[in-house]
Number of protein chains: 2
Amino acid sequence: MSENLLERTVFVVSDSTGITAETFSNSVLSQFEQIHFEVIRIPFIDSPDKAEAAAERINRCATEQNERPLVFSTLVNPASADKIRAANCTFLDLFGTFVRHIEAALGTKSNHSVGRSHMGGLSKQYHARIEAINFSLAHDDGQFIHGLEQADVILVGVSRCGKTPTSLYLAMQYAVKAANFPLIPEDFQRGSLPKALAPYRKKLFGLSIQPERLAEVRNERRPNSEYASLKQCRFEVAEAERLMRMKNIPCVSTTTKSIEEISTKVLEEVGLNRRIY
Amino acid sequence: MSENLLERTVFVVSDSTGITAETFSNSVLSQFEQIHFEVIRIPFIDSPDKAEAAAERINRCATEQNERPLVFSTLVNPASADKIRAANCTFLDLFGTFVRHIEAALGTKSNHSVGRSHMGGLSKQYHARIEAINFSLAHDDGQFIHGLEQADVILVGVSRCGKTPTSLYLAMQYAVKAANFPLIPEDFQRGSLPKALAPYRKKLFGLSIQPERLAEVRNERRPNSEYASLKQCRFEVAEAERLMRMKNIPCVSTTTKSIEEISTKVLEEVGLNRRIY
């Protein structure tokens with residue numbers, strides 16, 4: 001046993017990037033709060049020889065720590081998976097565990113082809129993601145009005161409420177063309193949305209935030225400014241929320257949410273929770 | 001049986017965003033190339049009542065299609081998982097299948113707490129991701145030289161070879177502060193790297209691309225320009241690769257790779273493949 005029971009080494013082994021296995025391991029391991037995990041990714045294990053080398057690395061770790069590491073694997077090739085399974089580890093075979101069950105349900109065999117998960121850099125779906133990233137960058141912070149008619153969604157909210165990272169996440173993960181547009185004091189004085197947004201009311205989605213949290217975020221960027229003052233933040237958030245209610249714009253609070261959670265809410269609201277492969 | 005055997009409906013059910021389950025389902029289902037999948041995400045199922053409603057939705061789908069849908073679940077709560085398991089579906093219990101095995105290996109119980117996977121919007125790790133996104137946006141395309149010393153990695157390469165999406169992905173997924181800097185004809189004439197990069201040689205990582213593919217990408221942006229001509233693309237790529245070899249900068253070709261694959265290569269090269277939770 002290692003001296004400190006509360007630290008464990010975890011390997012993530014994949015024939016491709018390992019992102020699927022790492023996402024999964026991160027999700028499951030977050031259920032063991034009392035333990036610290038060091039996660040080591042071993043990607044691109046696309047031959048039994050490389051799997052053999054990975055198994056040796058895992059065995060060395062087991063010997064050094066006198067403890068079997070956890071191994072999350074999405075290896076598709078059964079011969080490669082078997083090499084890792086034979087190592088001194090707790091082997092968690094994400095692919096093998098489910099694929100037979102799915103084959104039975106679908107009444108067909110899987111391709112057993114290596115490294116397919118993310119669909120090469122030249123597929124149509126991949127192209128759509130890159131297009132969406134370019135679109136979201138060009139339409140960040142209302143900097144470019146031309147082309148807004150192509151947006152799938154336009155996020156609105158006060159400065160620093162989380163619009164930019166959410167737009168980029170939606171584009172990158174879901175090929176959603178997400179523009180974003182700030183609501184600023186001039187809009188509140190006028191009591192109406194920015195004119196450029198008038199034709200796109202149905203695409204608008206509001207982000208809001210607690211004024212106290214907004215003041216913290218703004219203070220990191222411009223310490224002790226009027227812009228970052230709690231008073232100003234309270235005013236802007238109240239006005240922005242009033243405007244959204246008035247215009248019937250769906251809105252979500254970002255205060256305690258991750259960009260993944262905000263993006264999921266946006267996808268639900270705008271009816272983009274279906275994807276076809 | 002449905003009329004078209006080659007289309008199947010898949011549900012992704014989660015107490016949080018469903019991103020883990022969707023990443024996993026995407027990865028496994030890509031092994032069944034001959035079938036089209038419609039994936040419907042049902043996120044935020046954080047109570048047995050909501051699970052009951054989700055089960056009813058799945059049952060309706062099974063009745064309409066006369067076929068049991070596949071259901072990928074990362075539900076943590078066993079009572080909720082049981083509600084879905086009881087529906088008319090092929091239930092793939094990602095969480096339950098592995099968690100007991102992991103509990104045994106770690107000699108401790110999991111927290112069984114709902115919605116923890118992505119660590120709330122206020123955690124330290126989350127903050128680092130947002131910081132990295134801001135950094136990468138500010139240091140996109142060499143636009144801001146100040147602060148480059150804080151970069152974890154600086155991607156270099158010719159215009160449109162994939163630097164920007166890769167930088168953003170590294171920041172968003174891994175909290176890696178990734179700047180990027182273009183290599184332009186002036187650099188090739190001078191035969192040296194941009195001066196601003198001189199102090200950061202060890203942080204540089206090169207992206208290259210086949211000239212034919214580069215010409216395609218550039219033609220989408222500026223059709224029939226000299227910038228997009230195959231001749232110009234060949235010249236720039238050859239010069240950029242020569243410069244990288246001369247300066248000993250590790251380099252990867254982006255031509256057929258996704259941003260996930262490029263990012264994984266970068267993480268490997270710069271030794272960032274270990275993460276501690």
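Residues numbered from 1 in each chain as written. Chains lettered and ligands numbered in written order. Predicted model: local features only at pLDDT ≥ 70, side-chain atom pairs only at ≥ 80, totals over all residues. Heavy atoms only, no water.

Labelled according to an unreviewed UniProt entry, chain A appears under the name Putative phosphoenolpyruvate synthase regulatory protein, originating from Allopusillimonas soli. Taken directly from UniProt, the Sequence similarities (unreviewed entry) text for chain A runs: "Belongs to the pyruvate, phosphate/water dikinase regulatory protein family. PSRP subfamily." Turning to chain A, the UniProt record has this under Function (unreviewed entry): "Bifunctional serine/threonine kinase and phosphorylase involved in the regulation of the phosphoenolpyruvate synthase (PEPS) by catalyzing its phosphorylation/dephosphorylation." (UniProt positions renumbered as here; feature names shortened; annotations may be inferred.)

On to the overall build of chain A, then. When you go through chain A residue by residue, the secondary structure sums to 10 helices and 9 strands. For 277 residues, the compact-globule formula gives about 19 Å, and the C-alpha radius of gyration of chain A, at 24 Å, lies well above that figure. C-alpha extents for chain A along the principal axes are approximately 70 × 50 × 30 Å. For chain A, the proportion of its 277 residues judged to be buried stands at 55%. Long-range pairs, those at least 24 residues apart, make up 70% of the contacts in chain A with a sequence separation of at least 6. Surface summary for chain A: the accessible area is close to 12200 Å², and the carbon and sulfur share equals 49%. Here chain A contributes 34 positively and 33 negatively charged side chains, and the mean placements of these two sets differ by 8 Å. (Helix = DSSP H or I, 4+ residues; strand = E, 2+ residues; numbered from the N terminus. Rg over C-alpha atoms; globule rule 2.2 N^0.38 Å. Buried < 20%, exposed > 50% of the residue type's maximum accessible area, 1.4 Å probe, protein only. Contact = heavy atoms within 4.5 Å. Areas by Shrake-Rupley, 256 points an atom, 1.4 Å probe, with all protein chains shown as cover. Lys, Arg positive; Asp, Glu negative; His and termini not counted. Charge placed at Lys NZ, Arg CZ, Asp CG, Glu CD.)

Residues and elements named next belong to chain A. UniProt tags Gly157, Val158, Ser159, Arg160, Cys161, Gly162, Lys163 and Thr164 as "binding site: ADP" (unreviewed entry). Those annotated residues that line the second largest pocket are Ser159, Arg160, Cys161, Gly162, Lys163 and Thr164. In this structure Val158 comes out as buried when scored by relative accessible area, which is 3%. Once residues within four sequence positions are removed from consideration, Val158 is found in contact with Lys163, Leu183, Phe188, Ile209, Leu214, Arg218, Glu236, Val237 and Ala240. Examined against the element boundaries, Lys163 turns out to sit in helix H6 (residues 163-174). Classification of Lys163 as buried rests on a relative accessible area of 4%. (1 Å grid on protein atoms, 1.4 Å probe; cavity = no way out; pocket = protein on both sides within 12 Å on 5 of 7 lines; lining within 4 Å.)

Moving on to the state of the cysteines. Think of a disulfide as a covalent bridge from one cysteine sulfur atom to another cysteine sulfur atom. Considering all chains together, one arrives at 0 disulfides over all chains under this definition. Left unpaired, A:Cys61 is separated from the closest cysteine sulfur, that of A:Cys89, by 10 Å. Under the relative-accessibility criterion, A:Cys61 is labelled buried at 8%. Considering cysteine sulfurs only, B:Cys161 is the nearest to B:Cys251, which forms no disulfide, with 8.5 Å between them. (Disulfide = S-S within 2.5 Å.)

Further remarks concern the relation of the copies chain B and chain A. When chain B is fitted to chain A, the residual RMSD is 0.0 Å, and the transformation amounts to a turn of 180° plus an axial shift of 0.0 Å. Such values leave the two copies arranged in the relation of a two-fold axis. (Least-squares fit on C-alpha atoms with pLDDT ≥ 70 in both.)

Moving on: the sheet that holds strand E7 (residues 204-208) of chain A. All names here are of chain A. Strand order in the open sheet formed by 4 strands is E6-E5-E7-E8, and the pairing between neighbours is parallel. Two strands close off the open sheet at either side, each with one partner strand: strand E6 (178-182) and strand E8 (251-253). The sheet shows a mean angle of 25° between the axes of neighbouring strands, direction not considered. Pairing analysis gives 3 bridges linking strand E5 (residues 153-157) to E7, with the strands arranged parallel. From the neighbouring strand, Leu155 faces E7, where its bridge partner is Phe205. (Pairing = 2+ DSSP bridges. Axes fitted to C-alpha atoms, helices over the stretch in contact; angles between N-to-C directions.)

So, about the domain arrangement of chain A. Per the domain assignment, the segments of chain A are domain 1 (7-106) and domain 2 (124-269). Look at where the C-alpha atoms of domain 1 of chain A and domain 2 of chain A centre, and you get two points 39 Å apart. (Domains from an automatic or database assignment.)

Looking now at the packing of helix H6 (residues 163-174) of chain B against helix H10 (residues 259-269) of chain B. All names here are of chain B. Where H6 contacts H10, the two axes come as close as 9 Å, and the packing angle between them is 70°. In terms of orientation, H6 and H10 fall into the roughly perpendicular class. In this structure, H6 contributes Pro165, Thr166, Tyr169, Leu170 and Tyr174 to the contact, and H10 contributes Ile259, Glu260, Ile262, Ser263, Val266 and Leu267. (Parallel < 35°, antiparallel > 145°, perpendicular 65-115°, else oblique.)

It is worth spelling out unusual backbone geometry at this point. At A:Asn248, a residue that is not glycine, the phi angle is positive and equals roughly 60°. Structurally, A:Asn248 can be placed in the loop between helix H9 (230-246) and E8.

Two residues of an α-helix separated by three or four positions point the same way, owing to the 3.6 residues in each turn. Given a rise of 1.5 Å per residue, 17 residues ought to cover 24 Å, and the 24 Å separating the end C-alpha atoms of helix H9 (residues 230-246) of chain B matches this to within 8%. Looking only at H9(B), the buried set comprises B:Gln232, B:Cys233, B:Glu236, B:Val237, B:Glu239, B:Ala240, B:Leu243 and B:Met244. (Expected span 1.5 Å × (residues − 1).)

It is worth spelling out the packing of aromatic side chains at this point. Under the definition given, this model contains 10 aromatic pairs over all chains. Plain terms: the ring middles of A:Phe24 and A:Phe72 are 6.2 Å apart, the flat faces sit at 70° to each other, and that makes the pair edge-to-face. Highlighted residues: A:Phe24 in helix H1 (residues 19-29) and A:Phe72 in strand E3 (residues 70-73), separated in sequence by 48 residues. Classification of A:Phe72 by relative accessible area gives buried; the value is 0%. Ring-pair connections join several aromatic residues into one group, and the members of that group are A:Phe24, A:Phe72, A:Phe98, B:Phe24, B:Phe72 and B:Phe98. Across the ring face of B:Tyr227, the terminal group of B:Arg218 is positioned such that the distance to the ring centre comes to 4.2 Å. The ring centre of B:Tyr227 lies 4.4 Å from the NZ or CZ of B:Arg222, which sits over that ring. (Phe/Tyr/Trp six-rings, centres within 6.5 Å; stacked < 30°, edge-to-face > 60°. Lys NZ or Arg CZ within 6 Å of the ring centre and 35° of its normal.)

One broad trend across soluble globular proteins is that nonpolar side chains are buried collectively. Grouped together as the largest cluster of nonpolar side chains are 94 residues, with contacts concentrated most on A:Ile154 and B:Ile154. Judged by nonpolar contacts, the second largest core, of 40 residues, contains A:Val10, A:Leu29, B:Leu70 and B:Leu92. (Core = buried A, V, L, I, M, F, W, Y, C linked by side-chain atoms within 4.5 Å.)

Across the boundary between the two partners, chain B contributes 91 residues, which contact 91 residues of chain A. Viewed at the interface, chain A and chain B are joined by 2 salt bridges. Here B:Glu260 and A:Arg129 are joined by a salt bridge, their closest N and O atoms 2.8 Å apart. No other element matches the 10 residues that helix H4 (residues 94-106) of chain B contributes to the side of chain B that touches chain A. Here the residues of the side of chain B that touches chain A sort into 37 nonpolar, 31 polar and 23 charged. (Salt bridge = Lys/Arg side-chain N within 4 Å of Asp/Glu carboxyl O. Nonpolar A, V, L, I, M, F, W, Y, C, P; charged D, E, K, R; others polar.)

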